[in-house]
Amino acid sequence: MSDQTTYPVPAAWAKRTRIDEAAAAKLYGRSLADPGTYWLEQARRLDWIKRPEIAGDWSFDKADFHIRWFADGKLNASANCVDRHARTHPDRVAIIWEPDDPAEPPRRYTYAQLRDEVCRFANVLKAAGAKKGDRVTLYLPMIPEAAFALLACARIGAIHSVVFAGFSPEALAGRIQDCDSSIVVTADEGRRGGKRVPLKANVDAAAAHAPSLKRVIVVKATGADVPMQAGRDDWYRDLAEGVPTTCTPEPMGAEDPLFILYTSGSTGKPKGVLHSTGGYLLWAAVTHELVFDYRPGQVYWCAADIGWVTGHSYIVYGPLANGATTLMYEGVPNWPDASRIWQVVDRHKVEILYTAPTALRALMKEGDGHVQATSRASLKLLGTVGEPINPEAWRWYHEIVGGGRCPIVDTWWQTETGGALISPLPGATPLKPGSATKPLPGVDPQIVDSEGIVQQGAASGNLVIARSWPGQMRTVWGDHQRFFETYFSTFPGKYTTGDGARRDEDGYYWITGRVDDVINVSGHRMGTAEVESALVLHPQVAEAAVVGMPHDVKGQGIYAYVTLNANETGDETLRKALKDWVRREIGPIATPDAIQFAPGLPKTRSGKIMRRILRKIAEGEVDALGDTSTLADPAVVDDLVANRVG
Ligand code: ATP
Ligand code: MG
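Quick notes on the rules
Residues numbered from 1 in each chain as written. Chains lettered and ligands numbered in written order. Predicted model: local features only at pLDDT ≥ 70, side-chain atom pairs only at ≥ 80, totals over all residues. Heavy atoms only, no water. UniProt positions renumbered as here; feature names shortened; annotations may be inferred. Contact = heavy atoms within 4.5 Å. Helix = DSSP H or I, 4+ residues; strand = E, 2+ residues; numbered from the N terminus. Buried < 20%, exposed > 50% of the residue type's maximum accessible area, 1.4 Å probe, protein only. Near = heavy atom within 4 Å. Polar contact = N/O pair within 3.5 Å; in protein donor to acceptor, adjacent residues only side chain to side chain. Areas by Shrake-Rupley, 256 points an atom, 1.4 Å probe, with all protein chains shown as cover. Nonpolar A, V, L, I, M, F, W, Y, C, P; charged D, E, K, R; others polar. Core = buried A, V, L, I, M, F, W, Y, C linked by side-chain atoms within 4.5 Å. Salt bridge = Lys/Arg side-chain N within 4 Å of Asp/Glu carboxyl O. Pairing = 2+ DSSP bridges. Axes fitted to C-alpha atoms, helices over the stretch in contact; angles between N-to-C directions. Parallel < 35°, antiparallel > 145°, perpendicular 65-115°, else oblique. Phe/Tyr/Trp six-rings, centres within 6.5 Å; stacked < 30°, edge-to-face > 60°. Lys NZ or Arg CZ within 6 Å of the ring centre and 35° of its normal.

Mapped onto this structure's residue numbering, the UniProt feature "binding site: Mg(2+)" (unreviewed entry) falls at V536, H538 and V541. With residues up to four places along the chain from it excluded, the contact list for H538 reads L574, L578 and W581. With respect to the secondary-structure elements, V541 resides in strand β29 (residues 541–551). By relative accessible area, V541 is classed as buried at 5%.

Structure (structure tokens):
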């Protein structure tokens, strides 16, 4: 992009930081030079039942493929997230819960209360038959019980599989069956943006296609009248009555599974990503502290949903392992109006806010007034995750939301990686809008070309990770072969991320999009993110998605789907103006060949654009759209097909 402004570490941050730029470089160097010592040292931040003496033990080679971390150690994740803080700081607030409806009071749970709730929930699960290694499906709204349930599973060694509460009965059934889970924990209904989500009814519908399901535990959230099937369904409240609030945590091997979580499905059929207990928890804890420079007492808010890995690692496991005060929000960013997020920030004096570019773009579209009507004086640090953030949204977040004083940590990672791998450290890293900047300690990224040749210095190509890190996924549930084939066969000996990246002359990484989305125009390889960022920069454009389309002369042409700001209409004049605009911003090679004005884009439930569907439409293959089960709004697709250009 044309704007290459660097934002130095703000003076206030430079003064208070525990890790400055030199210290960060040293830490990073040490983590790679002597990973054994470094990781055993880091592991001390957890409470171990048996402290490990080995750190990493892994090989990405086909003949000897294995990944183990701290394999001789024993611990329990819930004891680490709850008990030890309840012992030392029983009255510290662990969870602040902000309800969907702002007229309702928030709730607070101290670490002592959290311990009681988690133990009670754990005992209920045990009584329902859940044992170590069993899979328990959680289909819950963003209520405190969701956090209790996660930690309760961890406490008894059951493997939780969270299914986002916005998913359909079919998607839920598929995930229950895939991991052969016999217990589902759900709620009568969920609430989001003033609307009710019929969760229990969805479970009933899913049960017809999920024969493994034997027990349904229902949390009363809204009090809706829902039918209960005798012998299968129970109210949590009834099961919890008189149940003790103590429960000895199950000693778990560090390599024992903690959870399964299905990926978003942006690129294909979701994969059941399996994470380990020790390595994952350590990764979540270390990165939460480093990336957010977390200090005890600060109110920290990750505005994701527990249904995504971001919610697992950065609402629950990372912050609670660090004894943090973590805010859980039940609702959506734009209800009752577009200032809700900022009102919640003010209400709870949030210091650290972590959200996604898709939410920022949606709020940005509503104008600055909603932000400026609030104070936001408590904010010190902002974070983003999920997609490359276009520089325009970055600057809006920085200037309008953060008043220019808060660094932005743009964290690149995946469900598969367990936690952030590439991210600025707020007190150490000068920022460049749109760049996730540099690898965190222990992360060894490389850029390789299509032959797997490692590129040095400034370069672009495939982003791979050359060595294992503790938070890495261990397998695809039920399909270890698929795990190896998907991630380790393309570039032997390395973890393939599937993302493309550019590394600049300062060693900063810029994620250019999915490798599959790279467009080859007359021999020039182009990431979709760059063209989209240019389009979004135009004052009339709210959002854009770019894909390749067959082109007789160029091989591939550029097909752009453009969502305009409210009250704008797309016509030929604007089409031409947008083409000229991109030509000026990037260069003639990036000029879109076709522009389709689209009121909505196909997105996953986590808000990511599904370019594979857009690619099929651009190619005219509207009958072969593939797996659309994770689409947020399938109706969007019909409109796109009907208004195809060309
Ligand atoms: P699936 O793997 O099923 O296709 P998905 O890749 O969308 O779905 P996630 O694990 O939720 O599932 O998303 C990880 C991807 O999100 C990354 O591979 C990357 O493409 C994108 N991503 C996440 N954070 C960032 C970021 N800060 N900058 C750029 N891209 C990001
Ligand atoms: Mg992915």
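Moving on from the coordinates now.
Right, let's talk about the site of ligand 1 for a bit. The local shell around ligand 1 holds 21 residues, among which S266, T267, T415, R514 and K608 are the closest. Within the contact set of ligand 1, an oxygen atom lies 2.7 Å away from a side-chain nitrogen or oxygen of S264. Taking P388, its main chain carries an N or O atom lying 3.4 Å from a nitrogen atom of ligand 1. Taken by itself ligand 1 offers 630 Å² of open surface, and the protein chains cover 94% of this. Counting residues per element, the ones that place at least two in the shell around ligand 1 are β20 (408–411) and β26 (509–514). Counted by class, the shell around ligand 1 contains five nonpolar, nine polar and seven charged residues.

Now for helix α19 (residues 611–619). Of all nine residues in α19, seven are buried; the element is thus mostly enclosed. If you check which residues of α19 are buried, you get R611, R612, I613, L614, R615, I617 and A618. Downstream of α19 by a residue or two, G620 has a phi angle that is positive, lying close to 80 degrees.

Here we take up the nonpolar core. Core analysis: the biggest nonpolar cluster contains 140 residues, and L114, L125 and Y317 have the highest contact counts within it. Beyond its immediate stretch of four places on either side in the chain, L114 contacts V82, A94, I95, F148, L151 and L320. The next biggest cluster of nonpolar side chains, apart from the first, holds 28 residues, and it includes I341, L363, C406 and I408.

Pairs may arise between side chains of opposite charge once their charged atoms sit close together. Enumeration over the complete set of coordinates arrives at 39 salt bridges. Notably, a salt bridge pairs E189 with R196, separated by 2.9 Å at the nearest N-O pair. A relative accessible area of 15% means that E189 is categorised as buried. In this structure, K603 engages E543 in a salt bridge whose closest nitrogen and oxygen atoms are separated by 2.8 Å. Of the two residues, K603 sits in the loop between β31 (594–597) and α19 while E543 sits in strand β29, which places them 60 residues apart along the sequence. Judged on exposure class, the residue K603 and its partner E543 are both buried. Within this structure, R16, R18, D293 and R295 form a network of salt bridges that share partners.

Before going further, it helps to examine the sheet that holds strand β19 (residues 381–385). Sheet architecture is open: seven strands sit in the order β5-β4-β17-β16-β18-β19-β20, paired in mixed fashion. The outermost strands of the open sheet, each flanked by one partner alone, are β5 (107–110) and β20. Averaged over all adjacent pairs, the angle separating strand axes in this sheet is 20 degrees, with direction ignored. As defined by bridge partners, strand β16 (residues 299–302) adjoins strand β18 (residues 352–355) across three bridges and the pair is classed as parallel. By the bridge assignment, W301 is partnered in β18 with L353. Against the sheet, helix α6 (residues 144–156) contacts β4 (93–98), β5 and β17 (325–329), and its axis sits at roughly 25 degrees relative to β5.

Right, let's talk about the packing of helix α13 (residues 357–364) against helix α15 (residues 391–401) for a bit. A pair of packed helices can be characterised by two numbers: the angle between their axes and the separation between those axes. Contact geometry of α13 with α15 gives a least axis separation of 10 Å together with a crossing angle of 75 degrees. By the angle between their directions, the pair α13 and α15 is classed as roughly perpendicular. Facing L360, R361, L363 and M364 of α13, the residues of α15 in contact are E392, A393, W396 and Y397. In terms of residue class, the contact of α13 with α15 is made up of six nonpolar, no polar and two charged.

Bringing the packing of aromatic side chains into the picture now. Applying the stated rule across the entire model yields 35 aromatic pairs. With 5.8 Å between their ring centres and 80 degrees between their planes, Y314 and Y354 make a pair best called edge-to-face. Taken together, the positions of Y314 in helix α11 (residues 309–321) and Y354 in strand β18 put the pair 40 residues apart, joining distant regions of the chain. Side by side, Y314 and Y354 carry an identical accessibility label, which is buried. Grouped by ring-pair contacts, the aromatic residues W58, F60, F65, W469, F483, F484, Y487, F488 and Y495 constitute a single cluster. Between R16 and the ring centre of W13, over which it is positioned, the NZ or CZ distance is 4.9 Å.

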